[in-house]
Amino acid sequence: MVRLPLTPAEVARGERLGALLRRARGPRSMLNTALDAGVSPETLRKIESGRVATPAFPTIAAIADVLGLSLDAVWSEINQSDGEAGLAGSTRTAPERLAS
């Protein structure tokens, strides 16, 4: 099966997803986050770096769960334009978001 090249919008969405996951992970190690989510550290690294712009839904759901992110917040964040990104428009800091 031939995979079509990603559109610029898909690439940008993947970059926003990676940035969101890095911010939400904070000082927590990539290794522990990946293992807790049941994904390989290499998979998490590729998603966070934007190299995998369209990861599988169950993968993102597992990582979001470990990081305490709602899938609604993830969806909202990654579908905003670059100037509007900020964890779904929240003005709270990352620790405040993750604690709620």
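Reading guide: rules and limits
Residues numbered from 1 in each chain as written. Predicted model: local features only at pLDDT ≥ 70, side-chain atom pairs only at ≥ 80, totals over all residues. Heavy atoms only, no water. Helix = DSSP H or I, 4+ residues; strand = E, 2+ residues; numbered from the N terminus. Buried < 20%, exposed > 50% of the residue type's maximum accessible area, 1.4 Å probe, protein only. Contact = heavy atoms within 4.5 Å. Areas by Shrake-Rupley, 256 points an atom, 1.4 Å probe, with all protein chains shown as cover. pLDDT = per-residue confidence, 0-100. Salt bridge = Lys/Arg side-chain N within 4 Å of Asp/Glu carboxyl O.

## With respect to the overall build of the protein chain
The number of helices and strands found in the protein chain is 6 helices and 0 strands. Along its sequence from the N terminus, the protein chain presents helices and strands in the succession α-α-α-α-α-α. Across the 100 residues that make up the protein chain, the buried fraction comes to 32%. Sequence separation of 24 or more characterises 57% of the internal contacts of the protein chain that already satisfy a separation of 6 or more. When the accessible area of the protein chain is evaluated, it comes to approximately 6,000 Å², of which 58% is carbon and sulfur surface.

## Re the confidence of the model for the protein chain
When pLDDT is averaged across the protein chain, the result is 84; 80% of the residues are at 70 or more. The low-confidence segment residues 84-100, where pLDDT is below 50, has 23 contacts with residues more than four positions distant or belonging to other chains.

## Description of the pattern of salt bridges
Following the criterion strictly, the structure yields 4 salt bridges and no others. Among the ionic pairs, R23 bridges to E77, the shortest N-O distance being 2.6 Å. Taken together, the positions of R23 in helix α1 (residues 8-25) and E77 in helix α5 (residues 71-78) put the pair 54 residues apart, joining distant regions of the chain. Take R23: its relative accessible area is 36%, and that puts it in the partly exposed class. Among the residues examined, E77 registers a relative accessible area of 1% and is labelled buried. As a salt-bridge pair, R25 and E48 come within 2.8 Å of each other at their nearest N and O atoms. Highlighted residues: R25 in helix α1 and E48 in helix α3 (residues 41-49), separated in sequence by 23 residues. Considered together, R25 and E48 belong to a single accessibility category, that of buried residues.

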